[in-house]
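So the chains spell out like this:
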Amino acid sequence: MRIVFMGTPDFSVPCLRALIESKHEVVGVICQPDKPVGRKQILTPPPVKTEALSHDLRVLQPATLRNGAGRAILEELQPDLVIVVAYGKILPPDFLSYPKYGCVNVHASLLPRYRGASPIHWAILNGDSETGVTTMQMDEGMDTGDILLVKKVPIGPDDTAEELFETLSHVGAAAMLETIEAVEAGALHPVRQDNSKAVNVGLLTKQLGEIDWSKPAQQIHNQIRGLFSWPGAYTYWNGTVLKIHKARLSTQSCSKAPGTVVQTKGGLLVACGDGRCVELLEVQLAGKKRLDAMAFLNGSGLAKDMIFESPKQ
RNA sequence: CGCGGAGUAGAGCAAUCCGGUAGCUCGUCGGGCUCAUAACCCGGAGGUUGUAGGUUCAAAUCCUAUCUCCGCAA
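Residues numbered from 1 in each chain as written. Chains lettered and ligands numbered in written order. Predicted model: local features only at pLDDT ≥ 70, side-chain atom pairs only at ≥ 80, totals over all residues. Heavy atoms only, no water.

**A short note on the packing of helix α1 (residues 13-21) against helix α6 (residues 161-185)**
Piece 1. Running from N to C, α1 and α6 point in directions that differ by 40°, and their axes come no closer than 8 Å. Comparing their axes, α6 and α1 come out oblique. Between α1 and α6 lies a crossing of right-handed hand. Between α1 and α6, the residues in contact are Pro-14, Cys-15, Ala-18 and Leu-19 and Ser-169, His-170, Gly-172, Ala-173, Met-176, Leu-177 and Ile-180, respectively. (Axes fitted to C-alpha atoms, helices over the stretch in contact; angles between N-to-C directions. Helix = DSSP H or I, 4+ residues; strand = E, 2+ residues; numbered from the N terminus. Parallel < 35°, antiparallel > 145°, perpendicular 65-115°, else oblique. Left-handed = near helix turned anticlockwise from the far one by under 90°. Contact = heavy atoms within 4.5 Å.)

Printed below as a string of structure tokens:
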């Protein structure tokens with residue numbers, strides 16, 4: 001089959017790779033334009049572009065697909081099918097309807113739960129024990145298309161968004177290949193999404209990382225691992241920001257005020273709102289390097305009974 | 001030229017303003033103690049202070065250049 005691949009970030013790369021290695025012909029790759037990135041604001045190509053170019057594929061980076069611009073590209077490339085994996089923009093109707101088999105999207109959640117921008121993170125933030133990948137026949141809505149195939153993945157109690165991201169990107173590639181096979185064989189059984197169970201999630205913001213220690217320990221732990229490694233959870237100490245990269249739930253309980261450092265030897269424990277504790281494993285002070293908790297304690301001056309500030313107090 | 005912080009023993013920090021033999025916590029090695037510990041006691045090793053120049057009797061410290069790392073913003 002002649003396939004056009006659309007995607008932009010790291011998540012899309014395993015799918016593109018799988019497509020390249022398959023028997024199908026990748027006739028074009030569409031991704032977002034290069035963007036300035038990092039401290040120096042260097043114009044950087046998205047990961048998908050880099051991967052595509054290393055295989056001598058044709059790469060297109062249109063600023064918009066609207067007003068017939070997207071359709072014109074398809075008319076030139078003549079794909080039978082378009083695969084979309086975290087492309088980053090809404091596809092207009094005249095684009096969706098052009099390919100013989102339409103457009104198929106690979107989405108990193110169990111739809112209709114977590115339609116939108118950051119499904120992986122939200123699954124952890126909400127403390128779900130299961131997520132997965134859904135492929136769907138795209139329609140005009142945001143992740144509202146009919147479901148083609150679902151692959152479930154369990155979420156471990158300490159899994160981080162980063163780890164889950166990696167896992168799902170590969171599960172996504174497998175789901176994609178299976179879906180294409182089914183498209184070819186005409187063996188699809190599209191299932192309509194139950195809109196009453198839909199959950200929409202938006203882009204992540206830094207603000208989400210601010211820890212409110214009066215919340216239950218489990219919830220704080222979910223926040224820390226769900227936002228790792230970006231944008232990351234943080235608290236305030238000594239007038240500056242302390243990022244918390246990794247933590248785990250402690251079995252210890254205590255009655256100290258939320259945010260209090262209750263133990264510094266043999267583990268850095270902080271009291272939470274429900275009387276349970278979170279053990280900080282990896283932290284980073286503003287302007288400093290990322291450190292494991294023990295190294296941080298050696299030189300920081302952080303001591304027992306000091307308090308991490310919660311917002312709005 | 002977006003704003004800012006930092007490079008000192010294996011790790012994290014102090015000493016830098018006001019130049020004068022580099023100190024602390026941890027780890028490590030040796031010994032001791034304990035039913036026991038990420039526990040305690042005693043002792044030791046480990047540094048051309050990121051790099052290159054300059055000023056000075058003397059530079060981690062002052063001046064100039066350069067490399068690297070990081071927080072914010074985007």
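**Details of the side chain of His-24**
Piece 1. Take His-24: it is sitting in the loop between α1 and β2 (25-30).
Piece 2. His-24 gets classed as buried once you look at its relative accessible area, which sits at 10%.
Piece 3. Only 3.5 Å separates the side chain of His-24 from the backbone nitrogen of Met-1, close enough to count as a polar contact.
Piece 4. Ignoring any residue separated from it by four or fewer positions in sequence, one finds His-24 in contact with Met-1, Ile-3, Leu-19, Ile-180 and Glu-184. (Buried < 20%, exposed > 50% of the residue type's maximum accessible area, 1.4 Å probe, protein only. Polar contact = N/O pair within 3.5 Å; in protein donor to acceptor, adjacent residues only side chain to side chain.)

**Quick word on the domain arrangement of chain A**
For interface size, the figure often reported is the accessible area lost on association.
Piece 1. As far as domains go, chain A holds domain 1 (2-201) and domain 2 (206-300).
Piece 2. Taking the mean C-alpha position of each, domain 1 and domain 2 sit 34 Å from one another.
Piece 3. Here domain 1 meets domain 2 over a buried area of about 960 Å², counting both sides, of which 55% is carbon and sulfur.
Piece 4. Where domain 1 touches domain 2, the interface holds zero salt bridges.
Piece 5. Of all the secondary-structure elements, those providing two or more residues to the side of domain 1 that touches domain 2 are α5 (119-125) and α6.
Piece 6. Looking at the side of domain 1 that touches domain 2, the element that brings in the most residues is α5, giving four residues.
Piece 7. Across the side of domain 1 that touches domain 2, the residue classes break down as six nonpolar, five polar and three charged. (Domains from an automatic or database assignment. Buried area = accessible area lost by both parts, 1.4 Å probe. Salt bridge = Lys/Arg side-chain N within 4 Å of Asp/Glu carboxyl O. Nonpolar A, V, L, I, M, F, W, Y, C, P; charged D, E, K, R; others polar.)

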